[in-house]
Structure formats: C-alpha cells, structure tokens
Amino acid sequence: MLKRFIPEFGDTSRGLRRSRLVVAVAVLATVGSVAVQAEASTPKHPDWHSYVLAPSSPQVKPVDVETRGDVTHAKTLVNSKDKGKPKATTLTTVAGGAPASVLLDFGKDIAGTPYFDITALEGNPTLSLATSEARRYIRTPASTTVSAAATSGATQVTVASTANLEVGNTITFGTGTTAQTHTVTAFDTTARTISFKPALTGDVPTQTAAVSAPGAPSSDESRGLAGVGGIDTLQPTATGRISAGYHPGFRFALLTLASPGSISISAAGVDFQGVRATPADYQGWFLSDDDQLNKMWYSGAYTLQLNLKPAGLNGLADKRIYDGAKRDRSIWTGDLLVQGPTAISTLGDEGASYVKSSIDVLLATQRADGAIPGSPDLRKGSNPAGSPLFYSNNYSGYGARAAVDYYRYTGDKDYITKILPALRAELAYNDKSLTANHLVASNDRDYWQASQTGEVTKYSIDYYILLKEMAWLERQVGSATIADEHDAKADQIKEAVNATLWNPQLGAYGQSIDHPDVLVEDANALALQYGFVPADRRDSVLKALKTLWTPYGAIMGPGLVDPTGHTIEPFGNGMETAGRFTVGDASGAFDLMRRTWGPMVDKNDPLYTGAFWEFKNSDGGVNRATASLAHGWAASPTVQLTEQVLGVTPVNAGYATWSIKPHTGKLKWAQGSVPTKYGDIAVNWQSKANASKFTLHASTPRNTSGTIAVPVTGKSTVKINGRTVYTRGGCTAYKGTVTDGYAQFTVPGGSYDITVSRG
C-alpha cells in the first residue's frame, strides 16, 4: 500500500522533525529577503504550486503602472524584458504644473525596499515615495473650509488648512448648484492660501467647504515601528540606483517628482525582505476541487509569511510573528491563536521557530502577578523592541493558550516544561476574574476594543477553554492532580453558562448577565466549538447566528459595537466557521467562509492584496486607511481547511496521536499533507456526488497512532485495506464507534485505504 500511495502524495517521511528549512538573511541596507530552502527530496505537486503567492524572485517587479502629469514611456517600468533597449521612463515637473508621478502596482502585498535605476536627471529633483496596501489610500484629498470670504474674480483664497493639497489638483468650493471647481496652481502652507485658475465666477463666503481631487500622495502606514512608515523623500544627485526605506506591507508605490526638473528611470522594483516561501518551502499543502477554497488556504499561508519578521530585520535579533504586514507590527496574543497553527502547518519547523521566539518575547515581559501582555512590543516609538501593553485579561490568557498550542503541534517537551511555571502563574492571574457563580466578570476589552460588564458569556467560555488546555498540558508534562482540578473548575463554568446565560427567547446564549437579550457571534460560536451546546439546542444556535449574516460575513452582534466603526471581524467569523464544522454544519461553514473571505481572494476586488484583511465594515470594505489588509488573525481558513476539511488534527503532542475526520460538505475531493514531528500525514478523500461512495487514503507515520472517522449511514459498509469493519450500523474492528454520522476507528500509524459504500 505504501508504494502505491507515495507517488500520489509525495514522500511522507519528510516531517516536522526532519524538515530542513534554512533561513538565509542577507544583510544589505537593512535585512534582505529570507529564502527558505527545503531539502532536495521535496516532492513536486504542480497542481497546488500555482496557488502559492510568494514572489518567485527576491527582486519584485511591478505588474502595472499608471501616470499623472508629464510622464513618457511609463510601461518600461513594467515591460523591462521587452526585446531591444526600452526607452527610460521620464518624469518632468514644471513650476505651477502638476507634479509628475508613476503609480506602481505589484499585484499583491509585498514587503521590502523599493529601488529605482536612474539614467538621467536635470535640476535638483526631489522625489517622494508613498506606499499603500489599497489604491484608494495612496492619495488623500484635501478637505478644508474657506477662512476669509472671497469675491467673484478672485484667483486666491485663504483656507483653514492646506494639508493634502497638490498643484494640479482640482479644488471645489461649495456644494450643489453653487459649487465651483478650479485647478490649483500654487499654495502657501504658512499663509494658508490657495492660488487657482480660472477666477471665481461667484462669491465664496467664509466657512464654505473646499475639497480637492485626487489629493496629495499619502501613506497608509503607521509610524508605530521605529523607522518605518510614512513617505520617503529621495534626493538623487547622480545616475545609478537609489533605494527608499524599508516598507513592511504594500501593493502600491507612488513615486512623485515633487520639484521642478526631470528624471529618467530605466527600472523599478523592490528588494523583497521577509520570508519568501516558494512551493519547495511548504511543508504542508492543501488542494480540493474548489478553486475559491484553494485560494483561501494559500492566501492565509501568505498572510502569515507577510507577518513574519526575520531575525535581524529592524534591528531586532530575534524572529517575531507580527499581527499585520504594516500594522501594528507587533506581537499580539489573540492573533497567535490563529497564526501559530498556520505557521507550523504550512512551514513546519521554520514556522515553529517563529512561534517559539514570539512566545519568548511574551514571557520575557510577564508581570510578577502572572499577567502576560496582550502585546509585549507595541509601544515602539524610537525603540524597535517596544514595550509591553497589558491589554486585557482575555489576551493574557490567549498568550498561555498560544504556548500550549505550540507544544501540541510540535511536541517540544523541553521547552514547554521550562515555561510551565509561567503558564501556571498566568492561569492563577486569570482565576481572579472568576466569580462565586463560576462565571467570569472582568470588564475586559478583548479583541473588539470595547468593554463588557457583568458576568460575560464569552469571557467565561474563554476561561473554560484555558482551563481545559492547561489540564491537557498538565497531563502531558505536569501534574495529573492539578489537571483534575482544572477540569472540575471548567465543568462548573460550563454548567453555570448553560444554567444562567442561555436565553430561550434568543434561542442562543445572551451576551452577559447584564445584557441577556443581546445576541453576539463570538460567544455562541465558541459554545458550539467547545461542546457547550446540547444536541437538542444546536439547530437553534445555528439559526440564531445566521441572523447576524450579511453578504460580506457575519457582524459581531448588536452588543459589540467597535469604537473604530468596523462590524465584521474575520477573527470572530473564524470562530463561527469552526463551531459550525464541529457540530457538522459544513455547508453553513463553507457559506460563511465564502461570504467573509471570498472577496479577499478575488483579484477584481479593489482591496485585493493576496492576503486576508483585519476587518470589514457593513458594506464589505474597510473604513480607514490604516486598516490592515494582511492580518494574521484572519488566516483561520488555512487551519480549518487542513483540520476540518482535509480532517487532520493533533491529539497528543507533536501528533504522537492524531485524528483524521473530514467534513466534506458538497466538495468532491480534497487532498493534502501535514508536517509532524514524526513525519508527514498525507490524506486524500473523494466523495461521489450522489453520496453512494466515499473513499479515503491516509499515510501516517509508523511511530504514531490515531483515529480515522468516515461518514456513514446505518446501511453503509466500510472496508479498511479490504477488510469489512462496519456493516449494518455496527463496527466490527479497530475499536470502532459510531457518533453523529461518523464511524471512527483507532489504528496504529501506517497506510490505510478506506471505502464507504453507502446504502
């Protein structure tokens, strides 16, 4: 069986323990592209290679260019491989005219140092370079008011502010039928005057609104990270290559000749700086018959790669997983709950090294009372290392859970044993929020940045999860007695949530004891995922959650109004898709996944970056320039397609024991591989459209064991390697059991060929 299986799925001996991902960091002006090198025996999987989003070369070229002002031969910057010697792109700016500019589109988010090869220049050119993840934020229109009345015939007005003005912009005074539009010819930032043509055709009173278009170059970056963010000013004095500063996440770069003169450029590009994972570097992979889901898996993986800060970058010796490519450029514990499993399941040992290093940064700033910071390195200012932000009790607990996850996926016993006292201290800190009613009241801000009062459903479930995670860990490397205590306390919380916070009128759990009639997504989603909801209430909760759906995803709920204005959180939507998969609602999980993440993988969407977005507003977009469009906490589709659809999850540390249980929905097939400490787990399943037959092939490491669950009916027949193990509704081998429409079998590591003939 093994020989027949290997050609289809590749060499299964290459596991987390043996993967040889070597990161080579080339230190140039800052730090160069990290090219992750895999061992030579890495199998070829061309069917999924096309989905990999990392640039194929460390020098990334733009795929398109737009111009404004006097620019000639702009396509040279894109078509540099044309036959013959292409003419250099020339930008010319004259006094009183629109500054010449080129807008370079790289097709997706990248990171690194932009460069330009200059072949000629006249005058003393000053160049400005702005970058942005979204085209709409590469320029910001001026929006001000007239501060002194102007009469008809005037060619200059005084305004409250000249911010975001650019010569050559149009400027519109007033609105409606009295609006007048003119062209800006000059402006004075000190006197706050705007000169324009033609002259006013009517009087403009004081306080009249004045709006420009398209606006001045702007950057969507935050200067939270020392030395990163904002607009670069470049002043070339000779021909040759000139480089800008490091920009951590952008799709668009706007180069403007801001002063009178001329400059010719023969080539433009970006020296990629970060983890550039090519197909050979992927230690895990996924493929199905659904193109959109495939795109989601690899977009989540690429999002994570954009979040990885290699050793040496930004003056920091260690590796870190930041929350976003451009913002906050800090470690966040809540994000790590998604980022950790994503990094390890896609990049194996190399991904695990980033998780471990980030946990080290967290624990280095743990307080004496046990609290772990929500972000250990947020307040960067002039110091790239930042300082800890003790953001919330929940985020403190997330930090401990991220460490437990690291051990679950890697089996790194020495490390988890060393940090176990720190995790115990954090648990004791969180325990202070538990009330006499066995519920949690902490007035916490959590991930959506506004506090909840009273005993809160989600916080109570979160603490239950933490207790269960710590109980599992204690049984692995600590004390069975302590584990029993954690389980008993967790069970009390579960009982209290069901007794106190269930609302029959909602058909779901209320937000809190103070707001029992308010429906929220996250608490009910987690209740499904972690077994709080009795079987006879599941349909009710699923139905209630669906009332929060929009065409763009599920809103957080009427009780969770984020102060920054966004309403749809991929972080929370990931909780719901996980919950739906857990209780067998694969069709609902896929539906919500498509609503939330489908637009993000659509290249025609104006916000497309190849990566996943931090949040959305009610119309499916984002509501501010600093919104992160490559944000790790949104990468849950990658993990869930591996664990829920392919079906592979770790049970004991490092996948010493594992579970394979695919949720198929209407998919026809899925296949993939998961790296583990003991070697790869490879799975391929197929489901006939008429549900008459289901087949699953699995190859698992010899020194492991686990369970394989396949969907059945009472009339099905199941065979494993040709042997009948289930018939007439009963299992006959491999300690088989039947639960919720699945027949589950306990097997040792090896290769299995399973067929389900459905009656």
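Preceding block: the structure.
Novice: Where do I start with the overall build of the protein in this structure?
Specialist: Scanning the protein from terminus to terminus reveals 14 helices and 40 strands. Whereas a compact globule of 759 residues would reach a radius of gyration of roughly 27 Å, the protein reaches 28 Å, a difference of no more than 12%. Summarising its shape, the C-alpha atoms of the protein cover approximately 95 × 65 × 55 Å along the three principal directions. For the protein, the proportion of its 759 residues judged to be buried stands at 60%. Long-range pairs, those at least 24 residues apart, make up 69% of the contacts in the protein between residues at least 6 apart in sequence. Here the protein carries 70 positive and 68 negative side-chain charges, and the mean point of each set is 7 Å from the other.

Novice: Explain the sheet that holds strand β34 (residues 705–711) here, please?
Specialist: Strands belonging to one sheet form pairs held by backbone hydrogen bonds; the direction of such a pair is parallel or antiparallel. What the five strands build is an open sheet, ordered β29-β30-β34-β39-β38; its pairing is mixed. Taken across any chain shown, the strands that pair with only one partner, and hence form the sheet edges, are β29 (648–650) and β38 (737–739). With direction set aside, neighbouring strand axes in the sheet form an average angle of 25 degrees. Of the strand pairs in this sheet, β29 and strand β30 (residues 657–660) are connected by three bridges, and their pairing is antiparallel. By the bridge assignment for β30, Val648 is matched with Ile660. Its contacts with the sheet put helix α14 (residues 636–646) on β29 and β30, and the angle it makes with β29 is roughly 105 degrees.

Novice: It is not clear to me how empty space enclosed by the protein should be interpreted in this structure. Could you clarify?
Specialist: The rolling of a water-molecule-sized probe over the atoms marks out the regions of remaining empty space. Following the criterion strictly, the structure yields three cavities of 30 Å³ or more and no others. By volume, the largest cavity amounts to about 120 Å³. Along the wall of the largest cavity there are 14 residues; nearest its centre are Asn393, Asn394, Asn430, Tyr459 and Tyr463. Sorting the residues of the lining of the largest cavity by element identifies α6 (393–410) and α8 (457–477) as the ones contributing at least two each. Here the lining of the largest cavity takes five residues from α6, the largest share from any one element. Of the residues assigned to the lining of the largest cavity, the class counts are five nonpolar, six polar and three charged. Here the second largest cavity is characterised by a volume of approximately 50 Å³.

Novice: Whenever I open this one, the packing of aromatic side chains confuses me. Can you help?
Specialist: How two aromatic rings sit relative to each other is given by the distance of their centres and the angle of their planes. Applying the stated rule across the entire model yields 25 aromatic pairs. Here Tyr447 and Phe571 contribute two aromatic rings whose centre-to-centre distance is 5.2 Å and whose plane-to-plane angle is 80 degrees, an arrangement assigned as edge-to-face. Here Tyr447, found in the loop between α7 (413–431) and α8, pairs with Phe571, found in helix α12 (residues 570–582); they are 124 residues apart in sequence, far enough to count as distant. By relative accessible area, Tyr447 is classed as buried at 2%. Judged by relative accessible area, which is 6%, Phe571 ranks as buried.

Novice: Help me understand the side chain of Asp109 in this model?
Specialist: Mapped onto the elements, Asp109 comes out in strand β7 (residues 101–122). The buried charged residue Asp109 lacks any salt bridge, with Arg251 as its nearest oppositely charged partner at 7.1 Å. Ignoring any residue separated from it by four or fewer positions in sequence, one finds Asp109 in contact with Glu133, Gly249, Phe250, Arg251, Tyr302, Leu306, Ala325, Thr609 and Ala630.

Novice: It is not clear to me how the sheet that holds strand β15 (residues 209–213) should be interpreted in this structure. Could you clarify?
Specialist: The sheet built from six strands closes into a barrel, its strands ordered β10-β11-β14-β13-β12-β15 with antiparallel pairing. For this sheet, the mean inter-axis angle between neighbouring strands, taken without regard to orientation, is 45 degrees. With four bridges joining them, strand β12 (residues 170–173) and β15 adopt antiparallel strand pairing. Bridged to Thr172 within β15 is Val211.

Novice: Explain the side chain of Thr676 here, please?
Specialist: Mapping Thr676 onto the fold places it in the loop between β31 (669–674) and β32 (681–687). A distance of 3.0 Å separates the side chain of Thr676 from the backbone nitrogen of Tyr678, its partner in a polar contact. At a separation of 2.5 Å, a polar atom in the side chain of Thr676 contacts the main-chain carbonyl oxygen of Gly679.

Novice: I would appreciate a short explanation of α8 in the present structure.
Specialist: Structurally, the α-helix is built with 3.6 residues per turn, so residues lying three or four positions apart point the same way. Spanning 21 residues, α8 covers 30 Å between terminal C-alpha atoms, matching the ideal 30 Å at 1.5 Å per step. Within α8, 18 of the 21 residues are buried, which leaves it mostly tucked inside the rest of the structure.

Novice: Explanation requested: the pattern of salt bridges in the structure shown.
Specialist: One side chain can pair with another of opposite charge once the charged atoms of both are near each other. Throughout the structure, instances matching the rule amount to 32 salt bridges. Note that Asp291 is salt-bridged to Lys295, the shortest N-O span being 3.2 Å. Of this pair, Asp291 and Lys295 both sit in helix α3 (residues 291–307), four residues apart, roughly one helical turn. For Asp291, a relative accessible area of 39% gives the class partly exposed. Look at Lys295 and you get partly exposed, because its relative accessible area is 34%.

Novice: Hey, could you run me through the nonpolar core in this one?
Specialist: One broad trend across soluble globular proteins is that nonpolar side chains are buried collectively. Within the largest apolar cluster, 149 residues are counted, with the highest numbers of intra-cluster contacts made by Leu473 and Ile708. Here this core gets 11 residues from one element, more than from any other, and that element is α8. Ignoring sequence-local partners within four residues, the contact set of Ile708 consists of Trp658, Ile660, Leu696, Ala698, Ala743, Gln744, Phe745, Val747, Tyr752 and Ile754. Judged by nonpolar contacts, the second largest core, of 36 residues, contains Ala100, Phe250, Ala268 and Tyr608.

Novice: I would appreciate a short explanation of the packing of α3 against helix α13 (residues 586–597) in the present structure.
Specialist: What describes two packed helices is the angle between their axes and the distance between those same axes. Taken N-terminus to C-terminus, the directions of α3 and α13 make an angle of 65 degrees; their axes are 11 Å apart at the nearest point. The handedness of the crossing between α3 and α13 comes out as left-handed. Every residue of α13 that contacts α3 at Gln292, Leu293 and Met296 is listed here: Phe590, Met593, Arg594 and Trp597. Classifying every residue of the contact of α3 with α13 gives five nonpolar, one polar and one charged.

Novice: Is there a simple way to think about the layout of surface pockets in this case?
Specialist: Each pocket or cavity is described by its volume, and for the largest pocket that value is around 1500 Å³. Together, 41 residues line the largest pocket, and Gln529, Tyr530, Thr582, Glu643 and Gln644 are the ones closest to its centre. Residue assignment for the lining of the largest pocket shows that the elements contributing at least two residues are α4 (333–347), α6, α8, α10 (521–529), α12, α14 and β29. Classifying every residue of the lining of the largest pocket by side-chain character gives 19 nonpolar, 12 polar and 10 charged.

Novice: Quick question: what am I supposed to make of helix α9 (residues 480–501) here?
Specialist: For α9, spanning 22 residues, the distance from its first C-alpha to its last is 31 Å, which sits close to the expected 32 Å at 1.5 Å a residue. Against the buried residues of α9 lie α7, α8, β25 (502–503) and β26 (508–509). With a side-chain oxygen positioned 3.2 Å from the backbone nitrogen of Thr481, the residue opening α9 is Ser479.

Novice: Help me understand the environment of Thr746 in this model?
Specialist: Residue placement: Thr746 occurs in strand β39 (residues 742–748). On the basis of relative accessibility, which here comes to 35%, the residue Thr746 falls in the partly exposed class. Residues Thr746 and Ile708 lie 38 residues apart in sequence; the distance between their C-alpha atoms is 6.6 Å. Filtering out sequence-adjacent residues up to four positions away, Thr746 remains in contact with Gly706, Thr707, Tyr734 and Lys735.

Novice: What should I look at first to understand unusual backbone geometry in this one?
Specialist: It is generally the case that most residues other than glycine have a negative phi and that most peptide bonds are trans. Look at the link from Lys197 to Pro198: it is a cis peptide, with omega at -10 degrees. As for its position among the elements, Pro198 is in the loop between β14 (193–197) and β15. Note that the residue after Ala213, namely Pro214, is joined by a cis bond; omega there is -5 degrees. Mapped onto the elements of the fold, Pro214 is located in the loop between β15 and β16 (216–217). Positive phi is not limited to glycine here, since His438 has a value of about 65 degrees. Tracing the sequence through the fold places His438 in the loop between α7 and α8. Take His438: its relative accessible area is 30%, and that puts it in the partly exposed class.

Criteria and cut-off values
- Residues numbered from 1 in each chain as written.
- Predicted model: local features only at pLDDT ≥ 70, side-chain atom pairs only at ≥ 80, totals over all residues.
- Heavy atoms only, no water.
- Helix = DSSP H or I, 4+ residues; strand = E, 2+ residues; numbered from the N terminus.
- Rg over C-alpha atoms; globule rule 2.2 N^0.38 Å.
- Buried < 20%, exposed > 50% of the residue type's maximum accessible area, 1.4 Å probe, protein only.
- Contact = heavy atoms within 4.5 Å.
- Lys, Arg positive; Asp, Glu negative; His and termini not counted.
- Charge placed at Lys NZ, Arg CZ, Asp CG, Glu CD.
- Pairing = 2+ DSSP bridges.
- Axes fitted to C-alpha atoms, helices over the stretch in contact; angles between N-to-C directions.
- 1 Å grid on protein atoms, 1.4 Å probe; cavity = no way out; pocket = protein on both sides within 12 Å on 5 of 7 lines; lining within 4 Å.
- Points joined across faces, edges and corners; volume = space filled by probe spheres on them.
- Nonpolar A, V, L, I, M, F, W, Y, C, P; charged D, E, K, R; others polar.
- Phe/Tyr/Trp six-rings, centres within 6.5 Å; stacked < 30°, edge-to-face > 60°.
- Salt bridge = Lys/Arg side-chain N within 4 Å of Asp/Glu carboxyl O.
- Polar contact = N/O pair within 3.5 Å; in protein donor to acceptor, adjacent residues only side chain to side chain.
- Expected span 1.5 Å × (residues − 1).
- Core = buried A, V, L, I, M, F, W, Y, C linked by side-chain atoms within 4.5 Å.
- Left-handed = near helix turned anticlockwise from the far one by under 90°.

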